[in-house]
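Single-letter residue listing:
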Amino acid sequence: MAINIIGVGLGRTGTYSLKLAINQLGYGPCYHMEEVLKNMNPQVQLWSEAINGNSNWSAIYDGFNSAVDWPTAGFFRELLKEYPTAKFILTERNPETWADSFGSTILKLIEGKDKAPEKMHDWLDMVTLVLAKSGFPQGVDRDGLINGFIAHNKAVKEIIPEEQLLVYQVKDGWEPLCRFLNSPVPHESFPRTNNREEFWELVNSGS
């Protein structure tokens, strides 16, 4: 089983909705940070090794056909080399609203590490390193978030071949996604989920 679809948009750009959509189209199971939370052992160690340049992608993505969200999005260069024929999806949104969403969810979670259950500390350490790799070091301010977001998206567009990349906003629904994947448009509504309240529910499920 190899990864055929790779989401390279950062977290808080509709990645959970994209995961559900990919599964609904039959290209799943789709890997998401949720899988790391559910399986911290061995996933956290595998990603920590990948950060240090010792990646084992077949072990990380064992049982999955597609992947979205962090940590995946932080490794788009490596994943293009590993899966050179995959299709890549860059989920985007307004940089300022993204920074506000990120700041009230993921950044708040990282900054509150000391209040998190001890069993989540290694996961939070790994996430912190993935964020730094993605252009968001500890202590980054709102302007830094906005600039980092723009820089990530720019780098993806420069590195991923244009014919393999869909630049996409989940608000646009099924049509662009299905056209890119050569898939018929479902009759069901496009899944829209993982607002800020749902983010915290997802995190707390792993604590």
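Check the entry above for the structure.
Here the structure is a predicted model, which means the values were calculated and not measured.

Looking at the overall build of the chain
Working step 1: Scanning the chain from N- to C-terminus turns up eleven helices and five strands.
Working step 2: Computed over C-alpha atoms, the radius of gyration of the chain comes to 16 Å, within 12% of the 17 Å expected from 2.2 N^0.38 for 207 residues, which places it in the range of a compact globule.
Working step 3: With respect to the three principal axes, the spread of C-alpha positions in the chain is 45 × 35 × 35 Å.
Working step 4: When burial is assessed residue by residue, the chain has 52% of its 207 residues classed as buried.
Working step 5: Excluding contacts between residues fewer than 6 apart, the proportion of contacts in the chain whose partners are at least 24 apart in sequence is 75%.
Working step 6: Accessible area of the chain: about 10,000 Å², with a carbon and sulfur share of 47%.

Re the sheet that holds strand β1 (residues 5-7)
Working step 1: Read from one edge of the open sheet, five strands run β2-β3-β1-β4-β5, paired in parallel fashion. Every interior strand has two partners, whereas the edge strands, β2 (30-31) and β5 (165-168), have only one.
Working step 2: With two bridges joining them, β1 and strand β3 (residues 66-67) adopt parallel strand pairing. In the sheet register, isoleucine 5 faces β3, and the bridge partner there is serine 66.
Working step 3: Across the sheet, helix α1 (residues 15-24) is in contact with β1, β2, β3, β4 (87-91) and β5; its angle to β4 comes to roughly 145°.
Working step 4: Contacting β1, β4 and β5, helix α10 (residues 174-181) crosses the sheet at an angle of about 180° to β5.

Concerning unusual backbone geometry
Both trends apply: most residues other than glycine have a negative phi, and most peptide bonds are in trans.
Working step 1: Looking along the chain, the bond that leaves asparagine 41 and enters proline 42 is cis, with omega of 20°.
Working step 2: Mapping proline 42 onto the fold places it in helix α3 (residues 40-51).
Working step 3: Here the bond from tryptophan 70 into proline 71 is cis, since omega is 0°, no more than 30 degrees from zero.
Working step 4: By secondary structure assignment, the location of proline 71 is in the loop between β3 and α5 (76-82).
Working step 5: With a phi angle near 75°, aspartate 69 is a residue other than glycine that sits in the positive phi range.

Brief notes about α10
Working step 1: Taking burial as the measure, the eight residues of α10 include six buried ones, the bulk of the element.
Working step 2: What α10 keeps buried is the set Trp174, Pro176, Leu177, Cys178, Phe180 and Leu181.
Working step 3: Close packing links the buried residues of α10 with β1, α1, β4 and β5.
Working step 4: One or two steps after α10, the chain reaches asparagine 182, where phi turns positive at roughly 55°.

With respect to the pairing of β4
Working step 1: Counted residue by residue, β4 has four buried out of five residues, so it is predominantly covered.
Working step 2: Bridging between β4 and β5 involves four bridges; their strand directions are parallel. Directly across from threonine 91, in β5, lies its bridge partner tyrosine 168.

Basis of the calculations
Residues numbered from 1 in each chain as written. Predicted model: local features only at pLDDT ≥ 70, side-chain atom pairs only at ≥ 80, totals over all residues. Heavy atoms only, no water. Helix = DSSP H or I, 4+ residues; strand = E, 2+ residues; numbered from the N terminus. Rg over C-alpha atoms; globule rule 2.2 N^0.38 Å. Buried < 20%, exposed > 50% of the residue type's maximum accessible area, 1.4 Å probe, protein only. Contact = heavy atoms within 4.5 Å. Areas by Shrake-Rupley, 256 points an atom, 1.4 Å probe, with all protein chains shown as cover. Pairing = 2+ DSSP bridges. Axes fitted to C-alpha atoms, helices over the stretch in contact; angles between N-to-C directions.

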